[in-house]
Amino acid sequence: MTTRAEARYTSFLYLVRRRPAEAVRVAVTYVLLVVGSFIFLLPLFWLITTALKTRQEIYVFPPQFFPKTFRWANFIEAWNYPNMMFPRWIANSLLISVINLAAVLTTASLCAYGFARIRFPGRDVWFMMVLATLMLPGQVTLIPIYVAFYKIGWLDTFKPLTIPAWFGGGAFNIFLLRQFFMQIPIELEDAAYIDGASRFRIWWQIFLPLSKPALATVAIFTFQGTWNDFFGPLIFLTSTEKFTLALGINLFKGQYSTEVAYMMAIALLMTIPMIVIFFLAQKLMIQSVILSSIKG
Amino acid sequence: MAAVAQRRRYSATFWRDTIQGYLFIMPVVLGLLIFTIGPMIASFYFSFTDYAVLRSPKFIGIDNYVHLLTTDRLFWKSVRVTITFAVMSLPLGITGSLLVAVLMNQKVKGIPFFRTCFYMPAIVPGVASAVLWSWLLNPDYGLVNAVLFKLGLPTCRFLAEPETALPSLVLMSLWGLGGGMVIYLAGLQGIPETLYEAGKIDGANSWQLFWKITIPLITPTIFFNLVMGLIGTFQYFMPAYIMTGGGPLFATYFYNLMLYERAYKWMQMGVASAMAWMLLVVVLLLTLLVFRSSTLWVYYEAEVKK
């Protein structure tokens, strides 16, 4: 294997001399890779540089690529923008995300353990029903849920955005954890069982510690989902001080659409946690995207 | 004696397992009842009523459906917008992410770096990317027009014109094709190298290898992305809501946007429920259709083994 890999990565000059056709292929590949990457990264580059420009630099055509000086003050001014509450909204988004993380990690793993390791009548039917909800468009259930939350006075609180997560934490998360739990050797469990450990202790002391990668994946997905969620907060929250960051950005865009630098600064702030998570857990994230395709 | 003891023990285990099993899956069982099955029944009932939340629902039979399907012109407009978007974005998105994945599967130095570059846009939060693209597509000061201008091409008003608004949203959705790319890449890497080597020995060129080996073996993945893409398009909401509000002249008035307005803006819960149920039926039918027709064009490796 290694020799073949080495052979593939032989120096370009060697290729040009010995195998011109291969050299052309490699050259074309690089041109496409570089041009493609440039096109895909350009909008992100624009997000960053626009966030650092002055007003005068923003409203010119054709636009300048780089600002003359990086105007870091944009971030501070956006953060403290009058009538906007970005610090508060970020805190709200974080609070909701943390509650959902706790909810999903506990209940999804409990359910996944039940589905993966206990045999009882009706289990497979319930599991199929859980999976079926993956195909269900949310709108079908959302209207009555909204009405119910209205009737019990939960609208404009965080409850509609946090309580439902305690009920299983989402079909996909249960599915993912179940797949992982099923790979844990049964002998480990039997040994603990003979020693008199309860199922709950087995879940807590054997399955959870052994499933850190899967739990991390679920945590990342949950955080991403909650942090990026727009529709839920949009319909359930009405007072500005309860907004999440996603809603806040939209409000800002609606009211101060010409404050482009501040808008980009805040959009960048919203993106940074995702980028950090991506670089910390790149492998996990890509693997789970792939895993999500296997369920189909 | 032994047999009886055995049976009793079995039976005790059986009941213990059943009780414990249901205790463990209790959250999701309750969740299904409270947040899925109950609301589904309720919204099915609402769809046959005139219901504005403040007054109790009034049964009106199939009026909501009839009204939507026959006299509500916005309904058909939103259906057309959604289908047009699907027809434009799905083929482009699927071909695009497949081609990028093929590119990423080339064995050249530095591929992980390029993979990250192409994938990055997919992790940008939706709202952030909607705000960013509103600015990129700005008719007067936007980057896209600047690039067109520099290349000597005619500039465009993008989201500000009915004709170009929907294609602009397609363009923006293509930016995130890194997500699909990763899935194709996994599919491509699952194709055994020996098949290509065998093909090369038989004298096939790269073009033939691509069409005769790669494409047939990657069809299950294409199929998966197609189904998910279809379902996704019918749920498309946020970018249109933030960037165009459905305009100009309803050019980006997506199905889901109309449903949102009816339910949460105008409190027409009956009409909105009827729309939700039609959506459900369409999604189910489409999924079934794609699954049924898949035998015609999807190649599963297992078939050979039969």
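Residues numbered from 1 in each chain as written. Chains lettered and ligands numbered in written order. Predicted model: local features only at pLDDT ≥ 70, side-chain atom pairs only at ≥ 80, totals over all residues.

Draft legend 1. Expanded view of the overall build of chain A. Summing up its helical and strand segments, chain A has 17 helices and zero strands in all. Over its C-alpha trace chain A gives a radius of gyration of 25 Å, far above what one expects of a compact globule, namely 19 Å for 296 residues. Taken along the three principal axes of its C-alpha coordinates, chain A extends 70 × 65 × 35 Å. Of all 296 residues assigned to chain A, the portion counted as buried reaches 38%. Counted over contacts in chain A with a minimum sequence separation of 6, partners at least 24 positions apart contribute 72%. (Helix = DSSP H or I, 4+ residues; strand = E, 2+ residues; numbered from the N terminus. Rg over C-alpha atoms; globule rule 2.2 N^0.38 Å. Buried ≥ 20, exposed ≤ 12 C-beta atoms within 10 Å, placed from the backbone. Contact = placed C-beta atoms within 7 Å.)

Draft legend 2. Expanded view of the overall build of chain B. Summing up its helical and strand segments, chain B has 14 helices and two strands in all. In summary, chain B has a C-alpha radius of gyration of 26 Å against a globular reference of 19 Å for 306 residues, an excess of more than 25%. Judged by the C-alpha coordinates and their principal axes, chain B covers about 85 × 65 × 35 Å. Expressed as a percentage of the 306 residues in chain B, the buried residues total 39%. Within chain B, contacts between residues separated by at least 24 positions form 68% of all contacts whose residues are at least 6 apart in sequence.

Draft legend 3. Region of interest: the nonpolar core. One finds A:I174, A:V218, A:M264, A:I266, A:A267, B:V127 and B:M181 to be the most contacted residues of the largest nonpolar core, which totals 146 residues. In terms of residues, this core owes the most to one element, helix α6 (residues 86-117) of chain A, which gives 13 residues. Taken domain by domain, the makeup of this core includes at least three residues from each of domain 1 (2-79) and domain 2 (86-294) of chain A. (Core = buried A, V, L, I, M, F, W, Y, C linked by C-beta atoms within 7 Å. Domains from an automatic or database assignment.)

Draft legend 4. Up close: the domain arrangement of chain A. All names here are of chain A. In terms of domain boundaries, chain A breaks down into domain 1 (2-79) and domain 2 (86-294). A separation of 34 Å is found between the C-alpha centroids of domain 1 and domain 2. On the domain 2 side, the residues contacting the 12 residues of domain 1 number 10 residues. The element that contributes the greatest number of residues to the side of domain 1 that touches domain 2 is helix α5 (residues 73-79), accounting for five residues. Looking at the side of domain 1 that touches domain 2, its residues break down into seven nonpolar, two polar and three charged. (Nonpolar A, V, L, I, M, F, W, Y, C, P; charged D, E, K, R; others polar.)

Draft legend 5. Spatial organisation of the interface of chain A and chain B. Residue-level contacts link 75 residues of chain A with 75 residues of chain B. By residue number, the principal contributor to the side of chain A that touches chain B is helix α3 (residues 20-51) of chain A, which donates 14 residues.

Draft legend 6. Molecular detail of helix α5 (residues 126-136) of chain B. Counting buried positions along α5(B) gives 10 out of 11 residues, so the element sits mostly inside the fold. Along α5(B), the positions that sit buried rather than exposed are B:V127, B:A128, B:S129, B:A130, B:V131, B:L132, B:W133, B:S134, B:W135 and B:L136.

Draft legend 7. Main features of the confidence of the model for chain B. Of the residues in chain B, 93% reach a pLDDT of 70 or more, and the chain-wide mean stands at 88. Interface predicted TM-score (ipTM) for the complex: 0.86; the corresponding pTM is 0.87. (pLDDT = per-residue confidence, 0-100.)

Draft legend 8. Here's a closer look at unusual backbone geometry. Residues and elements named next belong to chain B. Note that the residue after G247, namely P248, is joined by a cis bond; omega there is -10°. A positive phi angle is found at F158, which is not glycine, with a value near 45°. The phi dihedral of L249 is positive, around 55°, even though this residue is not glycine. On the basis of neighbour counts, which here come to 12 C-beta atoms within 10 Å, the residue L249 falls in the exposed class.

Draft legend 9. Spotlight on the environment of B:F118. Summarising the element assignment, B:F118 is placed in helix α4 (residues 111-119). Linking B:F118 and B:G179, residues 61 residues apart in sequence, is a C-alpha distance of 9.1 Å.

Draft legend 10. Examining the environment of A:F181 more closely. Residue and element names in this part refer to chain A. Residue position: F181 is located in helix α10 (residues 171-182). For F181, a count of 22 C-beta atoms within 10 Å corresponds to the buried category. C-alpha of F181 to C-alpha of A112: the two residues are 69 residues apart in sequence and 7.5 Å apart in space.

Draft legend 11. Representation of the environment of A:T157 within the structure. On the secondary structure map, A:T157 appears in the loop between α8 (139-151) and α9 (159-162). Remark: the alpha-carbon pair of A:T157 and A:L237, spanning 80 residues in sequence, is separated by 6.6 Å.

Draft legend 12. Representation of the packing of α6(A) against helix α13 (residues 212-228) of chain A in the model. All names here are of chain A. The interhelical angle for the contact between α6 and α13, taken along N-to-C directions, is 145°, at an axis separation of 9 Å. Like other packed secondary-structure pairs, α6 and α13 cross with a definite hand, here right-handed. Contact residues: S93, I96, S97, N100, L101, V104, L105, A108 and S109 in α6; L215, V218, A219, T222, F223, T226 and W227 in α13. The residue inventory of the contact of α6 with α13, partitioned by class, reads 10 nonpolar, six polar and no charged. (Axes fitted to C-alpha atoms, helices over the stretch in contact; angles between N-to-C directions. Left-handed = near helix turned anticlockwise from the far one by under 90°.)

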